[in-house]
Protein chains: 2
Amino acid sequence: MASQQDVAKRARVSFMTVSRVVNNHPGVKSETRERVLSAIRELAYYPNAAARTLNGRGTRNIGMIFPHKEFVLSRPFFIELCVELESHLSDTGYHLFLGSVRKETGSLDLTVLFKERKVDGLVIFAPERDDESVKRLAAEGLPFIVVHGRSDAVEYSYVDIDNERGVSRIMRYLFDLGHRRIGFVSGNMEEVNAQDRSACYRRELEAVGVGFDERIVHTGDWSLESGYEGFRALVGRAPAPSAIVFSNDQMALGAIKAAHDLGVSIPGDVSITGYDDIKYASFVVPALTTMRQPLDRVGEAVATLILERLDGRSECRRVILEPEFKIRDSCGPARAGGSPP
Amino acid sequence: MASQQDVAKRARVSFMTVSRVVNNHPGVKSETRERVLSAIRELAYYPNAAARTLNGRGTRNIGMIFPHKEFVLSRPFFIELCVELESHLSDTGYHLFLGSVRKETGSLDLTVLFKERKVDGLVIFAPERDDESVKRLAAEGLPFIVVHGRSDAVEYSYVDIDNERGVSRIMRYLFDLGHRRIGFVSGNMEEVNAQDRSACYRRELEAVGVGFDERIVHTGDWSLESGYEGFRALVGRAPAPSAIVFSNDQMALGAIKAAHDLGVSIPGDVSITGYDDIKYASFVVPALTTMRQPLDRVGEAVATLILERLDGRSECRRVILEPEFKIRDSCGPARAGGSPP
DNA sequence: CTGTTAGCGCATTCAG
DNA sequence: CTGAATGCGCTAACAG
């Protein structure tokens, strides 16, 4: 494979001149430049990334870290984000790296990826609160940003969607429809997002003077199955909730199945809401009322922030995006009566 | 960041000895080895991948190439495969690389990733038949394998699922239920998979003496929307099909929505089948009868094959996995009558 | 068993 | 405007 040396020979210059041309350095006679350029083309020369990295130019790789397998599988959501991110990043010459899905066996040391010179930066999805590996990254001053997760203990840049706004908007909507007994199915409570949404649900409830009742709260894990189970459990309580808020669409989809199996009508008997607005949310019957996460803007923000960190600009930034409420067909007015059998 | 030199100094040996220890070379006195090992630990030393690559040791990166954005988005399916693959590959020290989703702007030159020393090998998903960039890879003898796509023109290793078997099993099932007028909604016909399934549908039809009728065939693109459209279109034909075969689950899901909007009952009026068995297939109502792709085994096979290619073993292998028919609730017996209004 | 020398491909000095 | 020397961190080939 052609190296700068080969190109240099062919263009009858030193390899230094080739280097300058490759890197668009000024101060190369245009005639010489042309000669080099055509030699490059003829030999199909491409700069060796490893050599560049060795000279301290970075890797131009960005790693993505997911908390665990199920995280990826249960959120078709995030794939779209990856694609979005890839398209933004590739414009600036960066490549995306599946920085390995974290093992069940404890949190692995993410600094290794930097020390091995595999990546220049990391995008970490939904770490646990006060995650050790994130702390270490911050302590060593490594460039990374977090998506869906914030921390009060550690200073870092992150992008998130306003859960506060999202959940309270949903709750107000349900209140307006006359619902008072509103159940909740959470995501995996080890994740900050799940915690936030859950906390906000409780706060809103208390804000209107409706007490929090743990009997109509189910701890799920974002999966279809846990949504199914959650619905089943909550509807079986007495008195049953007239509406149930799910922490993501996937679980709400599971609930629709459960409702069918139980002979419960949505929204006739029980209203439900999702969160994310995955593609399928508008295709399920009944179409899901849900809170859309603005993926395109998240992707853009993530790209911008990580690039900033790589530039060495030191301030950490937080970008909180607004979700968009999508009212569809899965909610109805609360019925005067009670609940289905 | 600590280099071999630093470790060497601390362990009072030359850096060569450190290198030997790091690479598990035999012939280092165990006492010395211990000293080096603890120096490594104390300094948190990790070998610099760039330097290794520069010495011709490869990158230990495998790139994944997707045909286009929509491909990824329309198949939650493939994400699972990535995760599966990642877990197999990381065991052998390889990292996955999102080798960039291919742009709309013509097929980019994949050999660049090799020339730039970004990857050691490539896993290419669903390339077009006789794709130029695949041809070039093969011509240059670069290690890559293809998933979902084969070629008669070019020699390469690939993993696929037996579409032949899959589709014919579905067709026989429908025939057994008494269906004769069977519609078909294809995937994006630029992909080999879509072509194969489509061809097989036709062949099976003719095998039982039922003529192929292009009026009940719709060309989709794997998306929910195209499934919706396809169903709508086919059901509107006269005489309407009593069953429709969809080339993937996503489109079948779109059809379920369409049926609801049209007031058509599945499987009462029309039977439908999907393909893939995505997670949601068993949660939708009616649960989708579909052909399961054995993702875990695909992931395993892909990992094995690409590793073989990297080893330099020269023969190309083809691995054809068997799909598994999942009979659920979306098909019923053909009714004597005709079709719904 | 351990150390020395050389070079992978490139970019940053500094000289011409 | 161009070239020569030097080193990034590591390993392979040879010496001791």
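Reading the values: the criteria
Residues numbered from 1 in each chain as written. Chains lettered and ligands numbered in written order. Predicted model: local features only at pLDDT ≥ 70, side-chain atom pairs only at ≥ 80, totals over all residues. Heavy atoms only, no water. Axes fitted to C-alpha atoms, helices over the stretch in contact; angles between N-to-C directions. Helix = DSSP H or I, 4+ residues; strand = E, 2+ residues; numbered from the N terminus. Parallel < 35°, antiparallel > 145°, perpendicular 65-115°, else oblique. Left-handed = near helix turned anticlockwise from the far one by under 90°. Contact = heavy atoms within 4.5 Å. Nonpolar A, V, L, I, M, F, W, Y, C, P; charged D, E, K, R; others polar. Salt bridge = Lys/Arg side-chain N within 4 Å of Asp/Glu carboxyl O. Pairing = 2+ DSSP bridges.

Look at helix H4 (residues 49-57) of chain A against helix H4 (residues 49-57) of chain B: their axes get within 8 Å of each other, and the N-to-C directions meet at 140 degrees. Between H4(A) and H4(B), the angle falls in the class oblique. H4(B) is crossed by H4(A), and the crossing has left-handed handedness. Contacts from Ala50(A), Ala51(A), Thr53(A) and Leu54(A) in H4(A) reach Ala50(B), Ala51(B), Thr53(B) and Leu54(B) in H4(B). A breakdown of the residues in the contact of H4(A) with H4(B) according to their chemical character gives six nonpolar, two polar and no charged.

Once that is clear, we can look at the pattern of salt bridges. Residue and element names in this part refer to chain B. Inspection of every chain in the model, using the stated rule, returns 32 salt bridges over all chains. Between Glu-155 and Arg-318 there is a salt bridge; the shortest N-O distance is 4.0 Å. Of this pair, Glu-155 sits in the loop between strand E4 (144-147) and strand E5 (157-161) while Arg-318 sits in strand E11 (residues 318-321), and the two are 163 residues apart along the sequence.

Here we come to the packing of helix H1 (residues 4-11) of chain B against helix H3 (residues 30-43) of chain B. Residues and elements named next belong to chain B. It is at 9 Å that the axes of H1 and H3 come closest, and there the two elements cross at 125 degrees. As judged from the angle between their axes, H1 and H3 are oblique. H1 and H3 meet at a crossing whose hand is right-handed. Touching Asp-6, Val-7, Arg-10 and Ala-11 of H1 are Arg-35, Val-36, Ala-39, Ile-40, Glu-42 and Leu-43, all from H3. For the contact of H1 with H3, the residue count by class is six nonpolar, no polar and four charged.

So, about the sheet that holds E5(B). Strand order in this open sheet of twelve strands is E11(A)-E5(A)-E4(A)-E3(A)-E1(A)-E2(A)-E2(B)-E1(B)-E3(B)-E4(B)-E5(B)-E11(B), and the pairing throughout is mixed. The open sheet has two edge strands with one neighbour each: strand E11 (318-321) of chain A together with E11 of chain B. On average, adjacent strands in this sheet sit at an angle of 20 degrees to one another, irrespective of strand direction.

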